[in-house]
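# Chain and residue survey
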Amino acid sequence: MTNQIPFRPVELVILESLTCILLLLLSLVGNLMIILVVFKKPRLSTTTSLFIAALATTDLINAVVPGPLFLSCLITGRMPYSSAGCAIGGFFMQFLTLASVSTMNLIAVNRYFCVRKPNIYKKIFTSRNSAFFLASLWIFISMVVLFPLIVGWASMEFSPQMASCSLHFNSLTSETGFTVFVIVSFVVSSFVVIALCYYFVSKSLRQHRNHLSNNRGLSIQEINLTKTFFVLVVSFIVLWLPTFVVVILFRVVLRKTLPRQLALAIPYGLLTNSAVNPWIYGAMNPSFRKKFMSILKRSEAPNQVLPAENTVRSYL
């Protein structure tokens, strides 16, 4: 398989490269801001903090590992790195895609129990349990991505259409079977769970707003946070639903005949999602922006005494 990207006019090379650079910068700055705010605080004891940090971590890894490799291909018009770099970039592209979907799914379940079943929520979603859920989920996803490589069904090879490395299967049967399993197990099931969870959550929030809810312990902070995550999920679905359609076309239907500009929707979709997530969270939470600014001010005045209410919980 060739390591060369099909010929592109200079104008197209510049446009694709600059777009990628912009998305990388937005993702780097935005997700570093979130991680800085979360881990700068001394009381990282809420499950919400763990999920925010998890999302920001996956997006940051995308901007640090597969993103720059994708950019180098767009600029040079070929795969300028070794086979080891191809394996690393390809693995993380597959892993981060599924990790983002699954983490959004876990957040939807978290919000459902927080709003609808607060007593059970406090027992299930402790900090330790939430960390265990995330770790188990990501380990399982890693095993799923590595499975075709371990059993010899596929190898990690460069795709000129996507300007990235991805799984190259030895047979159409194994590729179709693996693709169907991933789409059904991670994508379809996640979208169904997310839709159901937020349907019931939004119903409860409407009742709470009309003073009809039996749960009067739901705080304004939790309501605002749930709305924020809802916007994140909506943006994720809008970005990724068409992209997963392209994945099916790339893997099963059109395969090598898939137009290059359509195939690029896969790496660009992952980058766009990584770039958009932190800025949506910041825009939806004015207190988050204030906390970040307070961190910058404290770094300039380290001897300043902090008010007691400046804790992680104040912006959550």
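Since we're looking at a predicted model, the values are computed, not measured.

With that settled, consider the pattern of salt bridges. In the structure shown here, the tally under the stated rule is two salt bridges. For R260, the salt bridge goes to E16, with nearest N and O atoms at 2.9 Å. With R260 in helix 9 (residues 260-263) and E16 in helix 1 (residues 10-40), the pair connects residues that are 244 residues apart, well separated along the chain. Residue classification places E16 among the buried positions, given a relative accessible area of 4%. Among the ionic contacts, a cluster of salt bridges with common partners joins R8, E16 and R260.

Once that is clear, we can look at the state of the cysteines. Tallied over the entire structure, the rule returns one disulfide. The side chain of C86 participates in a disulfide bridge whose partner is C165; the two sulfur atoms lie 2.0 Å from each other. Across the S-S bond of C86 and C165 the torsion is about -120°, and the bridge reads as left-handed. On the criterion of sequence distance, the pair formed by C86 in helix 4 (residues 83-116) and C165 in strand 2 (residues 164-169) is long-range, its members being 79 residues apart. An identical accessibility class is assigned to C86 and C165; each is buried.

What follows concerns the packing of helix 2 (residues 47-64) against helix 3 (residues 66-76). The geometry of helix 2 relative to helix 3 is characterised by a closest axis approach of 3 Å and an angle of 30° between their N-to-C directions. Considering their axes alone, helix 2 and helix 3 lie roughly parallel with respect to each other. Across the interface between the two elements, I61, N62, A63 and V64 of helix 2 pack against P66, G67 and P68 of helix 3. Grouping the constituent residues of the contact of helix 2 with helix 3 by class yields five nonpolar, two polar and no charged.

Time to look at the packing of aromatic side chains. All chains considered together, the criterion is met by 16 aromatic pairs. Look at F147 and W153: their rings are 5.3 Å apart centre to centre, the planes differ by 90°, and that puts the pair in the edge-to-face class. Since its relative accessible area comes to 37%, W153 is described here as partly exposed. Summarising the aromatic geometry, the rings of F169 and F178 are spaced 5.4 Å apart at their centres and angled 40° between planes, so their arrangement reads as tilted.

The predicted coordinates of low-pLDDT regions are not to be read in fine detail. This prediction gives the protein a mean pLDDT of 81; 81% of its residues lie at or above 70. Of all helices and strands in the protein, the one with the weakest mean pLDDT is helix 12 (residues 312-315) (36), whereas helix 3 scores best (95). Low confidence marks residues 212-216, where pLDDT is under 50. Its contacts with residues over four positions away, or in another chain, come to seven contacts.

Criteria and cut-off values
Residues numbered from 1 in each chain as written. Predicted model: local features only at pLDDT ≥ 70, side-chain atom pairs only at ≥ 80, totals over all residues. Heavy atoms only, no water. Salt bridge = Lys/Arg side-chain N within 4 Å of Asp/Glu carboxyl O. Helix = DSSP H or I, 4+ residues; strand = E, 2+ residues; numbered from the N terminus. Buried < 20%, exposed > 50% of the residue type's maximum accessible area, 1.4 Å probe, protein only. Disulfide = S-S within 2.5 Å. Axes fitted to C-alpha atoms, helices over the stretch in contact; angles between N-to-C directions. Parallel < 35°, antiparallel > 145°, perpendicular 65-115°, else oblique. Contact = heavy atoms within 4.5 Å. Nonpolar A, V, L, I, M, F, W, Y, C, P; charged D, E, K, R; others polar. Phe/Tyr/Trp six-rings, centres within 6.5 Å; stacked < 30°, edge-to-face > 60°. pLDDT = per-residue confidence, 0-100.

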